[in-house]
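# Structural overview for review
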Amino acid sequence: MTARSLPPWLHHHFLTLDRYVLRQLLIALAATTGGLVALIWLMQSLHFVPLVVDRGLSLRVFIGLTSLLLPSFVAVVMPITTFIVSLFVYQRLASDRELTVMQASGLSSFSLARPGLICAALSTLIVFVLNVWVVPSSYHAFRQYELQIRNKMAAFMLQDGVFTKVSNTMTVYIRSRDQNGVLWGILVEDDRQPDNHATILASRGNMVMVNDVPRVVLYDGSRQVLDRKTGRLNMLVFKQDTMDFSTAHPSSQHLRDSAEMSLSELLSPDPSAVSARDTGKFKVEGWRRLTSPLTCFSFAMIGMFAMLRGAFSRHGNITRPLVAVLCIVGLLAGTMLLQNLAGRNIQLIPLIPLLATLPGIICAYLLFVPEIKANRRQPRQA
């Protein structure tokens with residue numbers, strides 16, 4: 001099928017009403033998802049505002065860093081927005097009597113739900129692609145970019161006459177900085193090794209970057225290390241020494257979060273990289289990536305079932321939408337509880353895909369099967 005033949009094919013295989021409802025669903029889905037993602041992005045970006053205000057991070061770098069989190073936001077909110085859109089659009093069709101006219105014209109429940117099913121299938125596909133491929137890559141790039149930015153900023157945020165907290169375990173003081181970038185009167189409180197607190201004094205130093213890691217070359221100084229176990233003070237005088245100013249310990253830079261790992265790495269964790277205690281959590285994360293796209297179908301079916309099932313009311317019906325919303329809240333709470341329990345007991349993992357798909361299957365059965373059985377009985381009666 002070519003691009004030119006696609007519009008005629010859609011026009012031939014989809015009714016005008018299908019295209020009408022589907023267009024409303026897709027527009028509402030894009031708008032709702034975009035709005036929620038923008039709101040979450042704005043709230044999460046507040047954590048990085050100090051990098052801009054206090055440390056002079058440029059707006060371009062700030063947007064580039066935080067935009068790497070957008071795929072994960074989309075993957076999280078799209079099942080919820082699919083439900084909201086399905087419930088809202090069909091509720092509006094019912095309140096405008098359009099749904100009543102469609103039913104009176106002889107359209108079946110499946111025909112009315114077909115645009116919603118197409119929208120749910122599209123959401124499921126998008127979330128699946130995001131969970132399996134896009135989100136791990138973007139989050140890994142975010143972690144690397146954030147580490148690179150924080151390490152590079154250590155070279156530029158030192159201020160004359162100010163005790164600068166480079167990290168939670170290191171504080172640096174410099175008396176002055178000349179035009180050539182030479183640091184004078186350097187004092188460093190290094191507590192990266194809890195049992196060996198170190199105080200470094202140097203008359204001068206130069207800041208250099210080695211593999212995107214800030215280092216300072218110290219001249220004519222001393223290093224005083226206090227052994228907290230014995231209380232003994234060891235002192236070393238040096239002519240030249242090099243010190244790492246990175247905000248993370250070198251060994252921690254290679255530690256990967258579960259959100260960065262691929263699906264195969266999560267479902268079959270490497271025993272050398274993952275402790276036995278955390279194996280269940282990694283497997284649960286892998287199954288979550290596989291099953292969370294299926295919740296788009298289940299949530300959409302709950303919304304359509306609430307609107308297409310039941311008698312028409314002239315004054316509207318708030319009970320069914322409210323029950324549908326409460327069902328979604330209950331499913332979200334149950335899913336989080338089940339994932340926490342499955343992380344401790346991997347025998348509960350099969351319940352994760354069951355909880356993701358069973359509500360949609362039940363709603364589809366109650367909505368479509370009675371009508372199918374009734375249509376099969378009519379020819380026999382005739």
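Source: prediction; values computed, not measured.

### Some words on the overall build of the protein
- A count of helices and strands for the protein gives twelve helices and six strands.
- Here the protein, with 382 residues, has 37% of them falling under the buried criterion.
- Here the contacts in the protein between residues at least 6 apart in sequence split such that 61% fall between residues at least 24 apart.
- When the accessible surface of the protein is totalled, it reaches about 21,700 Å², and 63% of it is carbon and sulfur.

### What to know about the packing of helix H2 (residues 16-45) against helix H5 (residues 70-95)
- It is at 7 Å that the axes of H2 and H5 come closest, and there the two elements cross at 140°. Classified by the angle between their axes, H2 and H5 sit oblique to one another. Pair H2 / H5 crosses with right-handed handedness.
- Taken together, the residues of the contact of H2 with H5 sort by class into 18 nonpolar, seven polar and one charged.

### Some remarks on helix H4 (residues 59-67)
- Looking only at H4, the buried set comprises Val61, Phe62, Leu65 and Thr66. One side of H4 holds all its buried residues, which, seen down the axis, span an arc of 120°. Opposite the buried face of H4, by more than 90 degrees, sit the exposed residues Leu59 and Arg60.

### Structural notes on the side chain of Gln24
- Among the structural elements, Gln24 can be located in helix H2.
- Sequence-distant contacts of Gln24, that is, excluding residues within four places in its chain, are made with Val89, Arg92 and Leu93.

### Regarding the UniProt feature "transmembrane region" (unreviewed entry) in the protein
- Sequence positions flagged by UniProt for "transmembrane region" (unreviewed entry) are, in local numbering, residues 21-42, 62-90, 111-134, 322-342 and 348-368.
- Annotation note: span residues 62-90, helix share 93%, strand share 0%, distance between end C-alpha atoms 40 Å.
- Along residues 111-134 the backbone is 100% helical and 0% strand, and the end-to-end C-alpha distance reaches 34 Å.

### A word on the packing of aromatic side chains
- Within the structure shown, the criterion is met by four aromatic pairs.
- Between Phe110 and Phe368, the aromatic rings sit 5.5 Å apart at their centres with planes inclined by 80°, giving edge-to-face as the arrangement. Placement of Phe110 in helix H7 (residues 109-153) and of Phe368 in helix H12 (residues 351-381) is noted, with a sequence separation of 258 residues between them.
- Their ring planes at 85° and their centres at 6.0 Å tell us that Phe128 and Trp133 sit as a pair that is edge-to-face.
- Taking NZ or CZ as reference, Arg204 lies 4.4 Å from the ring centre of Tyr219, over its face.

### With respect to the confidence of the model for the protein
- Here the protein averages 84 in pLDDT, and 85% of its residues register 70 or above.
- This stretch, residues 248-254, has a pLDDT under 50; its non-local contacts, to residues over four places away or in other chains, come to seven contacts.

### Here's the deal with the pairing of strand E1 (residues 163-167)
- Where E1 and strand E2 (residues 170-177) come together, four bridges link them in antiparallel fashion. Residue pairing for E2: Ser167 is matched across the bridge by Met170.
- Hairpin connection between E1 and E2: a loop of two residues separates the two successive antiparallel strands.

### Remarks on the pattern of salt bridges
- Summed over all chains, the structure comprises eight salt bridges.
- When the shortest N-O distance is used, the salt bridge between Arg92 and Glu98 registers 3.8 Å.
- Taking the relative accessible area as the measure of exposure, Arg92 reaches 24% and is therefore partly exposed.
- Where Arg143 meets Glu260, a salt bridge forms, and the shortest distance between an N and an O atom there is 3.0 Å. Of the two residues, Arg143 is situated in helix H7 and Glu260 in the loop between strand E6 (232-244) and helix H8 (263-267); the sequence distance between them amounts to 117 residues.
- For Glu260, a relative accessible area of 5% gives the class buried.
- Shared partners join several salt bridges into a network, and the residues in it are Arg92, Asp96 and Glu98.

### Some details on the nonpolar core
- Of all hydrophobic cores here, the largest spans 33 residues; its most connected members are Tyr90 and Leu308.
- Every element with two or more residues in this core is listed here: H2, H5, helix H6 (98-104), H7, helix H10 (294-308), helix H11 (319-344) and H12.
- Sorting elements by how many residues they give to this core places H10 first, with eight residues.
- Residues within four places of Leu308 in sequence aside, it is in contact with Tyr90, Leu99, Gln103, Ser109, Leu112, Ala113 and Leu367.
- Counting 17 residues, the second largest nonpolar core, distinct from the first, contains Phe62, Met78, Val127 and Cys296.

### Some remarks on the packing of H5 against H11
- Running from N to C, H5 and H11 point in directions that differ by 175°, and their axes come no closer than 12 Å. It follows that H5 is roughly antiparallel to H11 by the angle criterion. Taken together, the residues of H11 that come into contact with H5 (itself represented by Ile80, Phe83, Leu87 and Gln91) are Pro321, Ala324, Val325, Ile328 and Leu332.
- Split by residue class, the contact of H5 with H11 holds eight nonpolar, one polar and no charged.

What counts, and at which threshold
Residues numbered from 1 in each chain as written. Predicted model: local features only at pLDDT ≥ 70, side-chain atom pairs only at ≥ 80, totals over all residues. Heavy atoms only, no water. Helix = DSSP H or I, 4+ residues; strand = E, 2+ residues; numbered from the N terminus. Buried < 20%, exposed > 50% of the residue type's maximum accessible area, 1.4 Å probe, protein only. Contact = heavy atoms within 4.5 Å. Areas by Shrake-Rupley, 256 points an atom, 1.4 Å probe, with all protein chains shown as cover. Axes fitted to C-alpha atoms, helices over the stretch in contact; angles between N-to-C directions. Parallel < 35°, antiparallel > 145°, perpendicular 65-115°, else oblique. Left-handed = near helix turned anticlockwise from the far one by under 90°. Nonpolar A, V, L, I, M, F, W, Y, C, P; charged D, E, K, R; others polar. Arc of directions from axis to C-beta. UniProt positions renumbered as here; feature names shortened; annotations may be inferred. Phe/Tyr/Trp six-rings, centres within 6.5 Å; stacked < 30°, edge-to-face > 60°. Lys NZ or Arg CZ within 6 Å of the ring centre and 35° of its normal. pLDDT = per-residue confidence, 0-100. Pairing = 2+ DSSP bridges. Salt bridge = Lys/Arg side-chain N within 4 Å of Asp/Glu carboxyl O. Core = buried A, V, L, I, M, F, W, Y, C linked by side-chain atoms within 4.5 Å.

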